[in-house]
Structures are given as C-alpha cells and as structure tokens.
Amino acid sequence: MHVDNHTRPQRMRHGVLAAAAVLSLLSMSFAGHAVDGPPDQGDVPEPFEWFEESLDGAFAEDFDAAQRHQALLDQAHEHGRAPVIVRLKVETRPEGALEAAEVSAQRERLASAQDRVLGRLSSMAFSEPEEVAVKRFEVTPAFAMAATAQDIAELLEDPEVLDVVEDRAYPPALADSVPLIGGEADDSFRGRTGSGWTIAILDTGVMKNHPFLSGKVVSEACYSSNVAAQGVTSLCPGGATSSTAPDSGLDCPTTVAGCGHGTHVAGIAAGKGTAFSGVASDANLIAIQVFSQFSGSACINSGYTSPCVFAFTSDIILGLERVYALRNTYQIASANMTLGGGQYTAPCDAEPYKPIIDNLRNARIATVVASGNNGFTGALSAPACVSTAVSVGSTTKTDVVSSFSNSASFLDLLAPGSSINSSVPGDTYSVFSGTSMAAPHVAGAWAVLREVNPDAGVAEILDSLETTGKSITDSRSGAGNRVKPRIQLADAVDQLDEGGVPGKPTQVSPTGTITTNRPAYMWNPASGATHYYLYVQDATGVRINQWFSASAAGCANGTGTCSVTPAVSLATGNASWWVLGWNTAGFGPWSDGMAFTVSSGQVAPDKPVQVSPTGTITTNRPAYMWNPASGAAHYYLYVQDATGVRINQWFSASAAGCANGTGTCSVTPPVSLATGNASWWVLGWNTAGFGPWSDGMAFTVSSGQVAPDKPVQVSPTGTITSNQPAYMWNAASGATHYYLYVQDATGVRINQWFSASAAGCANGTGTCSVAPAVSLATGNASWWVLGWNTAGFGPWSDGMAFVVSAATGGFDEQFNDGNASNWTQHSGTWAVVDNEYYYTTGVSNQWAVSTYNAEYDDLDYSARVRRFSADNESSNSLIIRASGATLSDGLPAEGYLFSYTRSGNFSVRKRVDGQVTIVVPLQASTAIDTGEAFNTLRVVAIGDQLAFYINGTKVWEGSDNSLTSGRVGVGVSRNPESTGDEFFVDWATLSENPAG
C-alpha cells in the first residue's frame, strides 16, 4: 500500500507535541484510540498508515479537549468566573435497575465525590457561596459552579474529575394539526385523551390560569441562574436560583424576548378548549421554568432583542432531576424540552444530560426534545442529539419537512411544527412555527399511548409511533431523500390496543466495560410478555440462548426491571446480548442489542462447599459453616424449615470469619428453626458478580434444648456519674451463661463471660446484674449482652447507649417532672406516679431496690418516704456506699442500710461481699411517725463516721470502715404474706463532702 510522503512533514508541525503523542500512544498500545478492523473481505491496512490514522485520532481528541478547556479559561479570565459543569468519575447505573439501598448508596457516593472535589478547590476557603453558585445534582454524576481560572485548572488535574465543560446557555427552539395526526372531532384518539397522565414542560414556564390550561398544572418548579459577571439574573421568584413553591413555574414576563414560549408549548401538548384542543386534552402538566434572563450583546448577537432568555445546561439537568423525583407522585408520561443549540452529526452521548435522560427512560418517562431550527440536514442540536432522548423534527401541514427543521440519520420522529395555533400569555392564542411546536405533539402523544398501555416502556411506544407513522421524504439539499416517520397517533393507539404479541424490551445492562464474567442481564419488561428469550455471544461464540419466565426474571406483573444471572462465564473481550418477549399470541420484536466488554479483572466467586449443619441436630439456632469460595467478599445464606423460608441474609466474608478466603466461614443468625426437616444453601459475591449456589445441605432439628432468647437491657442508660456501673438486664429464657460486651470512647473495655448464677439470675427470671471492676472513660459508651446454653448462642440484645459524666457534687430529685432517668432499678418495678412520687409495690419475700447513677464517699443524703402496707415490721431503707451485683434477695452485694418500720423501730445493717452484719439491732424510737405517715430519713457519712437521723432527730451515730464509697439509693422489703404494699419517695437530696 502506497504511503504519501508529502503528508508526513505536515504532521511534524506539531513538533515536540507529536513526539510526545507518539510515545504516549506506544506506551498504552493504542488502548485509548482503538481502530476498527477492516470490513469483511477488505484489505488489511498498511501498518504505518494505520499508525498515522491512530495518531491523528489521538490528536483530534486531545486537541478538541484542549481547545474547549482553553476557551473556558479565557472566559474565566475575562469575566472573573465561567459557568461550568464538572463531570465526575463516578460510575452510575439507572436507578430503576437498582434496589432501594443501592440507590441510596449510589447517591451517597455521588454526593461524597462532589464534596471531595469541591473541598480540594483552593478558592472555596475564601469565596462567598453566591459567587461560586454550586449546583449539586442528585442523579447526574456531575455538579455545576461558577469557576475561576484557577478552579478550572485545579479541576482538570483532579483525579476524580472526568471533564470540565461549559455550562452552555440555550435559547428557546422557536388547531388543525391535531386532526392531521388522527385526532377526532371530540379531541380524542379512538377515545383516548391522556387522562390520568402528566406531561412535564421544561421551558419558560406555563401561564397556568390561561383558559386553555386552567386546572392542569399539578406541580411547579423553577431553576434559574444568577451570574453577575455576565449580567445574568434568575427568573425564579425573589431572584432565588431554585424554587418548588406555588407559582414558581409561571411563564416569565412577556417584556423579555422568548417568554411566553412555554405557555404555547404546553397548550400544544395538553391544552383543552371549546373550539380546539391540544394532543392529550385530559392530561395534566408539571410546569418547570429553566430559563435565565440575559441582556445586551448576549441577546443582540443571537438575533434577539434585549433582555432575552437562555437556559443553562445545569438548570436543564436540575429540571429533569425534578421530574425524576416526582415519578412516584404523578404518572408522568413524558418530559418536553423545546430548547437547544450546537450542531451534532452523531449522537452526543458524552453530554452531561445523558445520565438523567437514561434514568427517566428507565422509569418509562420519555424525554422529548426539539431537533432545532437551524435547517441542518445532517445534524441535530443538543440535547436532541442524546441517543436515549426522543428527537423530533418539524413538518408542514402538507407533510413536507419544514425548511427550518434540523434532521439527521439518528432523528427519531417528525410531527407538525409549522403555523401551529396555541395559547400565549394574556388569555389569547397565537400561531408559532418551529420544532418547538413539533416536539409537544409527541410529548402529548406519549400521554395518550400510556393511557392505552400504562406498562409500555419508552422503546415500545417509540417503536409504535415509528412503525405506524407516515413516511415523509426529506428532499432538501444534503438530506439525501432521508425518510422519517411523521406520527400518526390514532394508528399507534390501534396498534398498542390490540393486546397482541409483546412489545420490544429495552435493555439496561450490561453495557460498556464490566469486570465480571457472570453479569446480571437487566431490561425493562415488554408489555404482555410472559416469557423472555436471552441470547448472548462473546468472543468464543454463542454462550447463552435460554428461556426465562417473566416471574423468574422478577417482572411478572410487567413492571420494574427484569433481571437474570445465568451461571455462564463469558470470555474476556467483546460481547453482545439481545432479548425478546413471548406470550400466547406469539413472539415480540428483538431488543436493539447491547454491546459490552468483559475486562480481565476480577471474576465471580467459585461455589462454596458446605460443612454443617447436617444430619440430626439438637439446637434450633445452629451455626452455618462452609469452606470459603475463592474471591468472595460477601455470602448470601438461604435457609428453609418445615414452616418455609427462615433466613435469607447477606454476610460479609469478614463477619463470617473467612475474609482472607481461607479457613471455615461460620455465621449464627438469631433465627429459631422449627422442629423437623430443614435445608440450607449459600452463594458468594464480589464486584464481579454472583457465584453459583452451593449444592444444598439437609438436616433435621430434633426437639432438644433451644438456644436462649434475646436479653432485654435495663441499665446503665442515659447519663451516669459512676465510671464502674452495674450492668443489668432481664434474664433470657434458657441462658446458662452471658457474654457482656462494653465499649467506651477509648475502645472495647469489657468482653467477658458470666454465669447466670454469678449474675444473680440462675433460674432464668428476674434481673441479671454484674459490676466488673473496669473503669470507663468519661464520654459516650455502649453495651450489649447475649445468652448461651448447650444448644448455642442466643441473639445479641439491641444495644444500649449511655454517657459517663463526672459527678456534679450531689443531686436534688423532686420527681415533679415525671422523670427518674438518673435512677437504676436493681430489683422490683419502679416508676414515677402522679408526677410527684418515685414508687414501687415491692417484691414478695425479697427487696425492691433502686439507686442513683453516681458514686459518692462523704455525703449528706436525705429522702422523705412513706409506706402503705398491712406489714408493720418490714424495712423501709436508705442505702449508701452500695456496689457489686444485685444478689438473689434483690440487694446489692455491698452497702449500708439505714431502715425504719411502720411500727416505730429502726436498725442499721451492712453488707460486705454478700454477707449481712447487724450494726444496730432493731430498736424503738419516738422520732418515727408510725403507720402511713411520711418520715424523713437522713444519713451523714464522713470517712468512717456514720450518723442516722429520722425526722430531724439523730437516732444513732457510730463508726465503721468496711465500705468507703459507692452508690446511694432506696429500698423496701416485703413479707410473702403481705399484699397491697406501696412505697413512695417524695424527694431525695444529696450533698457531697459535708462539714464534720
């Protein structure tokens, strides 16, 4: 093959840049600029020519990007800031193909990336928010801002930024047309009027009180910009940059050139009048104003008077995201956009609109866009050039392509757009021409067809409009007699209403480059399909040709997303797939086909090998064990017993104890199985996809002992002043041992086993209590406990948070606010009654005790108490220096008890290491008010000196050094024969370090 040597010196004008590009190309083996192979039976290209073509391609891409970036820098230098859209390297998928948790995770990843990129900009530290004007997108992997030249330079170097593009501003794309597309005298299409469906109009706003549109606008929004450096001002209410308030979607003032456009467009799509109507005369509208006001040369140079309106790309994206956000609030058929600019000779899928248009399409909402009014015969404007949008060109009423209409091979539809009469502000009507008038015919048609078939996807309705449309030949110079369908809506209604074979499925994924060799194949369901046929080929040939029922694909009702993951591993390299639907009426059309590339990255996990349970077991909560599957990061456990599915739960490999892919994976979910036969399975997953299910393992649960129930925690909770609290919980049925786990601000502090006997709840009832000698740090802490017996582990408790605070010097508890959160119930049931008294009915044949959540040494402690009871000899007590576990009699293991009885006696006892010693035996005192009267008890403790007062009279003083510090509280004992007991604490106060 001859090489033209005259062309080579021209390429050398690039000088050093050419040499650098050659080295770059060689170093990456042309990975970024792959050249298509020769056509069938074609000649193999000469190597040097092939190399030069690749080099030219690299220069073309890099040079185009460099020019764009330099233009942005120039604009920022001239005006101080330039409106830009920052595209991020955040991998996203249409949300309709994701579970709710995955949607949230994807949005969180996007928001985090936005935060990180913005946080790295040096100007953010000293720029005012209104200067930067950041616009965050929820779904689109990008954000918009007003950037300085320094910002742009930093963004282009940021590793998480895919590209920085201009936030371009576009102008608006500026009753006999409805019968032309099949409308009948009653303004319907075979009786269909779009009833129950809504059309979103992204334009200059909608004059919703116009008689033609009255009562139709169900939601409004406005997204508009303030760019002071360029004299651009927002058209939202109050000059805000966004609003969803009532009237925010009204058409902008007609004194501004271009305003009124949205009202005209809305009337074509869904207007309803007495003399004539729009296409979907019973459809509702969502009015979204996306234009900003420009003035001066920006208007004059574009052929408009000043002031005028243009729409920034970022505001258009925000408007589309608003439509997406409302998808579950209204039945939205389509979003209409009659705006745009630029000249694109091929689909422009790198434009930042693409992700949100894809999400809308995945939600069965068509984004209908005017093709533009430049008269191009081989190009469309943006965003009509996006492949997943529905692009619409214009025809006259005599079915000739309008002279102004942009057209290209990838144009979707034609509709009437010349001399169209519709509503304008001022309660009047006017005749406009443009692709802006053609697009709303299609947006309205979408509402009519969704009324016919509510489950139809975008591809199915587009296919219906294309196949039933009237063929129109574009005879303009340069159009090459291109034939495109002008919509014939009545015929499309007939086709969709036949209830025949299924429609065409719309594929979702896999697409692009994937790192799994076992992908999930996802598509939007075809209406009426009961089965689907999946056909996949890779570099080695046909790999999958398999039927799946709609039920097995998860889309039996014709809604949602169909998804299957066949256990077939694809070869590394290029692959393609198709799917078609079937019902008893026959086969539907094949999907369009979707190409993807399997990279040589991670592969899906192998099959796990199960270990146990198997055979007959005596626990109803077994541990499930298996040998790890190579490469698995997570495992899905599926268990069923005689009652049905009992466990279907994900576990990370780390949680299963086999994060490094070796050893044995083991999990023990807190789910009790029924006695009888059971079976279980497990599969592995990593970012490459799902591995195969294990073989399955059967076992039998005998009627032996069952694992314990979940413990219910009691205290500590809230704020405490003791750094060595007692941990208390209600016993879990069947537990013989408990595992206590405590962490504070410094990390894990306690992870310790206790027998039920040591915790004071060996019989499985009452309150368990332990007080490990571990001091916690001041601050937040949390604790959990689980039970165990020979049948296995019970479930963890729910967890309980508390705060360790330094002691505050005492307390004054009046109980008047109904709150006793500073008190811990050791035994018995305590509550505040009448917003006045701390109260218990006691516990038969033992003590009921509650203590204050703090520890004290020297103190002056008082409480006013009384006892209703037929039992005159049981003790009513103040407790000080208490610590340790609550024992079986309800008292702490240690503490002093200062008591009186209703009969007029008092006593002093101490308990050390669980052993009770009488300090002062029971003796009478006239200081005591007997019977049901209130008595004020007071204890003063300074070192080993103790004093006991009743109603202001010192009844005893002495010394004892057995106990030096601990909690204070109240307690009451009750004889087994006594009934109707009630113990009231009116108030309790304490001061620290009293004078001796």
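Residues numbered from 1 in each chain as written. Predicted model: local features only at pLDDT ≥ 70, side-chain atom pairs only at ≥ 80, totals over all residues. Heavy atoms only, no water.

Colleague: Teacher, can you tell me more about the overall build of the protein here?
Modeller: Per the secondary structure count, the protein includes 14 helices and 64 strands. Taken over C-alpha atoms, the radius of gyration comes to 39 Å for the protein, far larger than the 30 Å a tight globule of 996 residues would show. Across its three principal axes, the protein shows a C-alpha extent of roughly 120 × 70 × 70 Å. (Helix = DSSP H or I, 4+ residues; strand = E, 2+ residues; numbered from the N terminus. Rg over C-alpha atoms; globule rule 2.2 N^0.38 Å.)

Colleague: Sorry, what's going on with the pairing of strand E36 (residues 644-652) here?
Modeller: It is a general feature of regular strands that their side chains alternate between the two faces of the sheet. Pairing between strand E35 (residues 634-641) and E36: 8 bridges, direction antiparallel. Residue pairing across strands places Tyr-636 opposite Trp-650, the latter belonging to E36. Once E35 ends, the chain turns through 2 residues before running back antiparallel as E36. (Pairing = 2+ DSSP bridges.)

Colleague: Even after reading the chapter, I still don't get the packing of helix H10 (residues 313-325) against helix H11 (residues 354-362), so can you show me in this structure?
Modeller: Relative placement of two packed helices is described by the angle separating their axes and the distance separating the axes. It is the contact of H10 with H11, at a shortest axis distance of 10 Å, that shows an interaxial angle of 20°. Considered as vectors, H10 and H11 are oriented roughly parallel to each other. Our pair here, H10 against H11, has a crossing hand that is left-handed. Here H10 contributes Ile-317, Leu-320, Glu-321, Val-323 and Tyr-324 to the contact with H11, which in turn contributes Ile-356, Ile-357, Asn-359 and Leu-360. For the contact of H10 with H11, the class distribution of residues is 7 nonpolar, 1 polar and 1 charged. (Axes fitted to C-alpha atoms, helices over the stretch in contact; angles between N-to-C directions. Parallel < 35°, antiparallel > 145°, perpendicular 65-115°, else oblique. Left-handed = near helix turned anticlockwise from the far one by under 90°. Contact = heavy atoms within 4.5 Å. Nonpolar A, V, L, I, M, F, W, Y, C, P; charged D, E, K, R; others polar.)

Colleague: What's the story with the environment of Asn-905 in this structure? I'm lost.
Modeller: Counting through the fold element by element, Asn-905 comes out in strand E58 (residues 905-912). When its relative accessible area of 16% is taken as the criterion, Asn-905 is described as buried. Taking the C-alpha atoms as reference points, Asn-905 and Ser-875, 30 residues apart in sequence, are found 9.2 Å from one another. Leaving out residues up to four positions away in the same chain, Asn-905 has contacts with Glu-873, Ser-899, Tyr-900, Leu-922, Gln-923, Ala-924 and Ile-928. (Buried < 20%, exposed > 50% of the residue type's maximum accessible area, 1.4 Å probe, protein only.)

Colleague: Explain the pattern of salt bridges to me, please; I cannot follow it from the model alone.
Modeller: Side chains that differ in sign of charge can pair as their charged atoms come close. On inspection of all chains with the given rule, the structure shows 29 salt bridges. For Asp-315, the salt bridge goes to Lys-135, with nearest N and O atoms at 2.9 Å. Taken individually, Asp-315 and Lys-135 each receive the classification buried, so the pair is uniform in this respect. Glu-957 is paired through a salt bridge with Lys-954; the nearest N and O atoms lie 3.2 Å apart. Note on Glu-957: relative accessible area 54%, which makes it exposed. (Salt bridge = Lys/Arg side-chain N within 4 Å of Asp/Glu carboxyl O.)

Colleague: Is there a simple way to explain the sheet that holds strand E54 (residues 847-852) in this structure?
Modeller: Hydrogen bonds between backbone atoms are what pair the strands of a sheet, whose relative direction is either parallel or antiparallel. Pairing is antiparallel in the open sheet, where 7 strands are placed in the order E51-E54-E63-E56-E57-E58-E59. Edge positions in the sheet fall to strand E51 (823-827) and strand E59 (915-924), since each has one partner strand and no second. Neighbour-to-neighbour, the strand axes of this sheet turn through a mean angle of 20°, independent of strand direction. Here 5 bridges tie E54 to strand E63 (residues 967-973), and the two strands are oriented antiparallel to one another.

Colleague: Looking at this model, I keep getting lost on the state of the cysteines. Mind explaining?
Modeller: By definition, a disulfide is the covalent link that joins the sulfur atoms of two cysteine residues. Overall, the coordinates contain 7 disulfides when judged by the stated rule. Each disulfide pairs two cysteine sulfurs, and for Cys-348 the partner residue is Cys-385, the sulfurs being separated by 1.9 Å. Here the disulfide of Cys-348 and Cys-385 is right-handed, its torsion about the S-S bond being about 85°. Of the two residues, Cys-348 sits in the loop between strand E14 (341-344) and H11 while Cys-385 sits in the loop between strand E16 (380-382) and strand E17 (390-395), which places them 37 residues apart along the sequence. The burial state of Cys-348 is the same as that of Cys-385; both residues are buried. (Disulfide = S-S within 2.5 Å.)

Colleague: How should the UniProt feature "domain: Peptidase S8/S53" (unreviewed entry) in the protein be read in this particular structure?
Modeller: If you check UniProt for "domain: Peptidase S8/S53" (unreviewed entry), the listed places come out as residues 194-469 in our numbering. Helix makes up 24% of residues 194-469 and strand 25%, with an end-to-end C-alpha separation of 19 Å. (UniProt positions renumbered as here; feature names shortened; annotations may be inferred.)

Colleague: Honestly, the sheet that holds strand E8 (residues 233-234) in this entry has me stumped. Any pointers?
Modeller: One open sheet holds the 4 strands; their spatial order is E5-E12-E11-E8, and the pairing between them is antiparallel. Of all strands in the sheet, those bounded by a partner on one side alone are strand E5 (169-170) and E8. Here E5 runs beside strand E12 (residues 308-312); their pairing, made up of 2 bridges, is antiparallel. Looking at E12, one finds that Ala-169 is bridged to Phe-312. Contacts from H10 reach E5, strand E11 (292-294) and E12 within the one sheet, and its direction differs from that of E12 by about 65°.

Colleague: What is the right way to read unusual backbone geometry from this model?
Modeller: With the exception of glycine, the majority of residues adopt a negative phi angle, and the majority of peptide bonds are in the trans configuration. For the bond from Ser-509 to Pro-510, the omega torsion is 15°, close enough to zero to count as cis. Mapped onto the fold, Pro-510 is located in the loop between strand E23 (506-509) and strand E24 (512-514). In this model, Ala-133 sits at a positive phi of 50°, which is unusual for a non-glycine residue. Counting through the fold element by element, Ala-133 comes out in the loop between helix H5 (129-132) and strand E2 (135-136). Judged by its relative accessible area of 26%, Ala-133 is partly exposed. Phi is positive for Asn-951, close to 55°, though the residue is something other than glycine. On the secondary structure map, Asn-951 appears in the loop between strand E61 (945-950) and strand E62 (953-959).

Colleague: Could you clarify how one ought to interpret the environment of Glu-102 in this entry?
Modeller: As for its position among the elements, Glu-102 is in helix H4 (residues 100-119). A residue is classified by how much of its surface remains accessible, and Glu-102, at 38% relative accessible area, is partly exposed.

Colleague: Just to check I follow, could you spell out the packing of helix H12 (residues 435-452) against helix H13 (residues 458-468) for this structure?
Modeller: Direction vectors running N to C along H12 and H13 enclose 110°, while the axes themselves pass 11 Å from each other. In terms of orientation, H12 lies roughly perpendicular with respect to H13. Contact with H12, carried on its side by Trp-446, Leu-449 and Arg-450, involves Val-458, Ile-461, Leu-462 and Leu-465 of H13 and no other residues of that element. Here the residues of the contact of H12 with H13 are counted per class, giving 6 nonpolar, no polar and 1 charged.

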